[in-house]
Amino acid sequence: MSSEAIVARPHYDSRAVAQDVLGKEPPVGADVPPPSSGSATAGYRSAKYSPAEWFSNYHSILQQAGTDCRQAGGVQRESKALYRDAEAATLQTQAEGTRLLGERLQEIHHWKSELRQHIDQLLADAESLSAQKTRLEKALDATETPYAIATDNLNCRARRPGPDLVQDTVEEELLKEVDLIRSVQALLKRTTAQVVSQIKMNRDSKQMLELDWSDKYQAYNFDGRSGGYSNMSPDIRHHPSSATVQDQVCNSTSWTKFTQDNLSRALQEEQATNSLRLLVERVLQDTTHHLRVQCSSVDRAFGQRCAELIEAKTQLEILEHIGDQERSIVAIQQAIHNKEAPLRVAQSRLYLRSLRPNMELCRDEPQFSLEGELRQMDATVASLRQQLSEARGCLSHLEESRITIEKDISCKSRSLFIEREKCMSHRQRYPAVSTLSGY
C-alpha cells in the first residue's frame, strides 16, 4: 500500500535505560525526536509518540528528578550544618550577652554604691552645715546684747557731771568693744553667707548624684531583668525596632566619665565642707575669745575707775580737819582768855608797887620778876593771838575748800552711781561663752 510508509526506528532496551538513568547525565540540549511527520502521520497515528520518544521523555524526567534529589540532599546537609552552627553561635552569643550583662550589673552596682556613699556623706554634711548655720545665727543674735550693753554704757557715761566727763580708760575700752562687736558681726555674717552658699552647692551636687543614682537604679533593674531572660521566659516579645541606635546615646567611656565627674564634684564639695566646718569652729572660738577678753578689759577699767572715785570721795575727811581747826581756835581763844586774869594780877601788882613812896620805889627782885612775868604773858598772848589769826585764816581756807570739795564729791558720787549702778550692774547680763559660741 502506497499510503503506508515503513520508517525504520531505533530499538531501546528499557532495562538498560532504567539502569543507566541514575549513572549518566542527560546530554545538554539533546534533541528529542519530534513526533513522526509526513506520510507516517496520516490517519490515526498522527497524534501518538513512538517508543523512542516515550523513553526519551522518561529518561529526561528521571534525569531531572535525580538532579533535584541531589540538590535537595545538598541543601539538607547544608541546612543541618547551618542550623547546628547557628544554634551554637546563638547559644554562645546569648551566653556572652548574659555574661556581659552580669559584668554590667556589677559595674552599675559598684557605681551605685559609690554614689550612695557620697549622697549619704553630702546629706550628713548638709545637716552639719545647717547646724553650724544655726550656731552662727545664734552667735550673731547673741552679739546684740554686748552691743546694747556697750552703747548703753557710753550713753550713761555721757550723762556724767561736767568735771567727771572725761575720756578715760573706760571710755576707750568701751569704744574698742563697740568696734570689736561690729567687726565680729560682719565676720559672722560673711561666714553665714559662705555656709549658705556651700549648702546650696552641696544640694546641687547631691541632686546630680541622686539623679545619676536613680538612672542607674532603673538601668540596674532593666539589665537585671534582661540578664534573667531565657528562651523559655514567658514575657519575651518581638521588638523589631529595639536594635536601632537611639539619639543621644553615649558610649561606655562617656558613661563612666559622667559618673566620675559627678563623684569628683561631690568630693570637692565634701572637702570644701570640711574646710568650711573647721573655719566656722575657729571663727566662733576666736570671736567668743576676743569678746570675752575685751569684756574683761572693760570690767577692769570700770573697777579701776570706781576705785579712783572712791578714793576721791575720801576727801570728805577734810571736814574733820575743819572741826579740829575750829576746836583749835576755840582752845586758843580760851588760852588767851585764861591769860587775862594773870595779866591783870601782874599789872595790878606793878601798878600798886609803882605807888611806893620815895626810896621805896626800888627795882628789886620782885619788881624784876613782875616785869619779866608781864613781858612773858604779853609775849604769850601775842603769840596766841598770832596763832589765832593764822588758825582763823586756815579755817577760812578750809571752809572755801570744803565748798569746792563738797561739789566735787557730789560729782564723784553721781559718777560712781553711774559707773556702779548703771553700767557695771548692766554688764552682769553679758552673754556667757556658750551663748556667744552659738549654743
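Everything that follows concerns the structure shown earlier in this document.
A quick note: this is a predicted structure, and the numbers were derived from the prediction, not measured. (Residues numbered from 1 in each chain as written. Predicted model: local features only at pLDDT ≥ 70, side-chain atom pairs only at ≥ 80, totals over all residues. Heavy atoms only, no water.)

Undergrad: How should I be thinking about the overall build of the protein in this particular structure?
TA: Along its length, the protein carries 8 helices and 0 strands. Counting helices and strands in the order they occur from the N terminus, the protein gives α-α-α-α-α-α-α-α. Considering the protein as a whole, with its 439 residues, one finds that 29% of them fall into the buried category. Sequence-distant contacts in the protein: of pairs separated by 6 or more residues, those separated by 24 or more amount to 89%. Only carbon and sulfur atoms are counted for the fraction: they give 55% of the accessible area of the protein, which is about 29200 Å². (Helix = DSSP H or I, 4+ residues; strand = E, 2+ residues; numbered from the N terminus. Buried < 20%, exposed > 50% of the residue type's maximum accessible area, 1.4 Å probe, protein only. Contact = heavy atoms within 4.5 Å. Areas by Shrake-Rupley, 256 points an atom, 1.4 Å probe, with all protein chains shown as cover.)

Undergrad: Whenever I open this one, the packing of aromatic side chains confuses me. Can you help?
TA: The geometry of an aromatic ring pair is captured by two quantities: the separation of the ring centres and the angle between the planes. Considering all chains together, one arrives at 3 aromatic pairs under this definition. Taking 5.6 Å as the distance between ring centres and 10° as the angle between the ring planes, the aromatic pair formed by W54 and Y58 counts as stacked. With a gap of 4 residues between them, W54 and Y58 both fall in helix α2 (residues 51-142), about one helical turn apart. Residue classification places Y58 among the partly exposed positions, given a relative accessible area of 33%. Here the aromatic cluster, defined as three or more aromatic residues joined through ring pairs, consists of W54, F55 and Y58. Directly above the ring of W255 sits R104, whose terminal nitrogen or CZ lies 3.7 Å from the centroid. The side chain of K112 reaches across the aromatic face of Y220, ending 4.6 Å from its centre. (Phe/Tyr/Trp six-rings, centres within 6.5 Å; stacked < 30°, edge-to-face > 60°. Lys NZ or Arg CZ within 6 Å of the ring centre and 35° of its normal.)

Undergrad: Help me out: how do you make sense of helix α3 (residues 144-157) in this one?
TA: Every α-helical turn comprises 3.6 residues, leaving residues that sit three or four positions apart pointing alike. The end-to-end C-alpha separation of α3 is 20 Å, in line with the 20 Å expected for 14 residues at 1.5 Å each. For α3, the set of buried residues is P146, I149, A150, N153, C156 and R157. Looking straight down α3, one finds that the buried residues subtend no more than 130° of arc, so they occupy a single side. Buried positions along α3 lie against α2, α4 (169-228), α5 (252-313), α7 (365-424) and α8 (433-436). (Expected span 1.5 Å × (residues − 1). Arc of directions from axis to C-beta.)

Undergrad: So what exactly am I meant to see when it comes to the packing of α3 against α4 here?
TA: The description of two packed helices rests on the angle between their axes and on the distance between the axes. Viewed as axis vectors pointing N to C, α3 and α4 meet at an angle of 150°, and their least axial separation amounts to 10 Å. Comparing their axes, α4 and α3 come out roughly antiparallel. Crossing angle aside, the handedness with which α3 passes α4 is left-handed. Residue-level inspection shows E144, P146, Y147, A150, T151, N153, L154 and R157 of α3 in contact with α4, the latter providing V170, E171, L174, L175, E177, V178, I181, R182 and Q185. Its residues assigned to classes, the contact of α3 with α4 comprises 9 nonpolar, 3 polar and 5 charged. (Axes fitted to C-alpha atoms, helices over the stretch in contact; angles between N-to-C directions. Parallel < 35°, antiparallel > 145°, perpendicular 65-115°, else oblique. Left-handed = near helix turned anticlockwise from the far one by under 90°. Nonpolar A, V, L, I, M, F, W, Y, C, P; charged D, E, K, R; others polar.)

Undergrad: Even after reading the chapter, I still don't get a nonpolar patch on the surface, so can you show me in this structure?
TA: Taken together, the side chains of M208, L211 and F258 present a nonpolar region at the surface, about 260 Å² in accessible area. Note on placement: F258 falls in helix α5. (Patch = residues over 30% accessible without salt bridge, like charges linked within 9 Å, V, L, I, M, F, W, Y side chains within 5 Å. Salt bridge = Lys/Arg side-chain N within 4 Å of Asp/Glu carboxyl O.)

Undergrad: How do you make sense of the side chain of E269 when you look at a structure like this?
TA: Looking at the secondary structure, you find E269 in helix α5. In this structure, E269 is buried with no salt-bridge partner, the nearest side chain bearing the opposite charge being R265 at 4.4 Å. Among all residues touching E269, those that are not within four sequence positions of it are L122, Q198, M201, N202 and S205. (Lys, Arg positive; Asp, Glu negative; His and termini not counted.)

Undergrad: What is the right way to look at the nonpolar core in this model?
TA: In summary, soluble globular proteins display a tendency toward joint burial of nonpolar side chains. Ranked by size, the top nonpolar core spans 19 residues in total, and within it L136, L188, V195, V280, L284, L291 and Y430 carry the most contacts. Elements represented by at least two residues in this core include exactly α2, α4 and α5. Among the elements that take part in this core, α5 stands out by supplying 6 residues, more than any other. If we skip the residues at most four places from it in the chain, L284 touches R135, L136, A139, L188 and S437. In terms of nonpolar packing, the next biggest core, distinct from the first, is built from 9 residues, W111, I119, L263 and A266 among them. (Core = buried A, V, L, I, M, F, W, Y, C linked by side-chain atoms within 4.5 Å.)

Undergrad: How should I be thinking about the pattern of salt bridges in this particular structure?
TA: One pass over the structure, following the stated rule, counts 19 salt bridges. Here R160 ties to D168 by a salt bridge, and the two come within 3.5 Å at their closest N and O atoms. One continuous salt-bridge network, built from bridges that share partners, spans R157, R160, D168, E171 and R305.

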